[in-house]
Amino acid sequence: MKRIFSVASTALVLSMSGSVLAEGPRVLDVASTFPKGAPYLGEGAENLAKLLEKATKGEIKLRVHGDGDLVPALEVFNAVSSGAVPAGWDWVGYWAGTVPVAGLAGAMPFGPSPEVFLGWMWEGGDWKSCKKHTTNIM
């Protein structure tokens, strides 16, 4: 009986340690349409990565790749939508061929902000039409 308890407790400890290791920080590769370090556009992704890591106390980290490093620059949206890349950083106007409403949002200089755009998509009811074009978003 003592041997069975010993084997069972060892198995439990090993399975727990394996799950704890698997639950460590999540690192997401981010494909960008912009060069790393490019003023404003490239730097924005790096700033987001720092803020997200800080906000999640290191549980989520973004590894930002420059244009063309993971996928061609204008294929970021499709790569994320298909699941080939876990995350992307690009401009909503590039999605117009895939998500029709993106052309409208991308046509306005310096607006709307991502929060306003998503609020409009979510509350305005166009989210349903976008879901048929994008499978891995929210």
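Thresholds, definitions, all that
- Residues numbered from 1 in each chain as written.
- Predicted model: local features only at pLDDT ≥ 70, side-chain atom pairs only at ≥ 80, totals over all residues.
- Heavy atoms only, no water.
- pLDDT = per-residue confidence, 0-100.
- Contact = heavy atoms within 4.5 Å.
- Pairing = 2+ DSSP bridges.
- Helix = DSSP H or I, 4+ residues; strand = E, 2+ residues; numbered from the N terminus.
- Right-handed = clockwise from strand over helix to strand, strands pointing away.
- Salt bridge = Lys/Arg side-chain N within 4 Å of Asp/Glu carboxyl O.
- Buried < 20%, exposed > 50% of the residue type's maximum accessible area, 1.4 Å probe, protein only.
- Patch = residues over 30% accessible without salt bridge, like charges linked within 9 Å, V, L, I, M, F, W, Y side chains within 5 Å.
- Areas by Shrake-Rupley, 256 points an atom, 1.4 Å probe, with all protein chains shown as cover.
- Phe/Tyr/Trp six-rings, centres within 6.5 Å; stacked < 30°, edge-to-face > 60°.
- Polar contact = N/O pair within 3.5 Å; in protein donor to acceptor, adjacent residues only side chain to side chain.

### A word on the confidence of the model for the chain
Averaged over every residue, the pLDDT of the chain is 74; residues scoring 70 or more account for 64%. Confidence drops under pLDDT 50 across residues 1-21; counting only partners more than four residues distant or on other chains, this segment forms zero contacts. When the criterion is pLDDT under 50, residues 133-138 qualifies, and its contacts beyond four places in sequence or with other chains add up to 16 contacts.

### Some details on the pairing of strand 2 (residues 60-65)
With six bridges joining them, strand 1 (residues 26-32) and strand 2 adopt parallel strand pairing. Directly across from Val-27, in strand 2, lies its bridge partner Lys-61. For the handedness criterion, the β-α-β arrangement of strand 1, helix 2 (residues 41-55) and strand 2 is classed as right-handed.

### A look at the pattern of salt bridges
Applying the stated rule across the entire model yields three salt bridges. The closest approach of N and O atoms between Lys-61 and Glu-53, which form a salt bridge, is 3.8 Å.

### Description of the side chain of Thr-33
Checked against the element boundaries, Thr-33 lands in the loop between strand 1 and helix 2. Given a relative accessible area of 8%, Thr-33 falls into the buried group. Sequence-distant contacts of Thr-33, defined by excluding residues within four places in its chain, comprise Asp-67, Ala-73, Val-76, Trp-89, Asp-90, Trp-91 and Tyr-94.

### Regarding unusual backbone geometry
Here the phi dihedral of Tyr-40 falls at roughly 65 degrees; this positive angle occurs in a residue that is not glycine. Classification of Tyr-40 as exposed rests on a relative accessible area of 69%. Although it is not a glycine, Lys-57 adopts a positive phi angle of roughly 55 degrees. Mapped onto the elements, Lys-57 comes out in the loop between helix 2 and strand 2.

### Considerations on a nonpolar patch on the surface
Together, Leu-74, Trp-91 and Tyr-94 make up a nonpolar patch on the protein surface, roughly 340 Å² of accessible area in all. Tracing the chain through its elements places Leu-74 in the loop between strand 2 and helix 3 (76-82). Take Leu-74: its relative accessible area is 61%, and that puts it in the exposed class.

### As for the packing of aromatic side chains
Evaluated as defined, the whole model comprises three aromatic pairs. Each ring, one from Phe-34 and one from Tyr-94, has its centre 6.5 Å from the other, and the planes form 35 degrees; the classification is tilted. Of this pair, Phe-34 sits in the loop between strand 1 and helix 2 while Tyr-94 sits in the loop between strand 3 (87-89) and helix 4 (101-106), and the two are 60 residues apart along the sequence. You can call Phe-34 buried: its relative accessible area is 10%. By way of ring pairs, the aromatic residues Phe-34, Trp-91 and Tyr-94 are connected into one cluster.

### Let's talk about the side chain of Ser-32
In this structure, Ser-32 sits in strand 1. Taking the relative accessible area as the measure of exposure, Ser-32 reaches 2% and is therefore buried. In this structure the side chain of Ser-32 is engaged in a polar contact, spanning 2.9 Å, whose partner is the backbone nitrogen of Phe-34. Filtering out sequence-adjacent residues up to four positions away, Ser-32 remains in contact with His-65, Gly-66, Asp-67, Gly-68, Val-76 and Trp-89.

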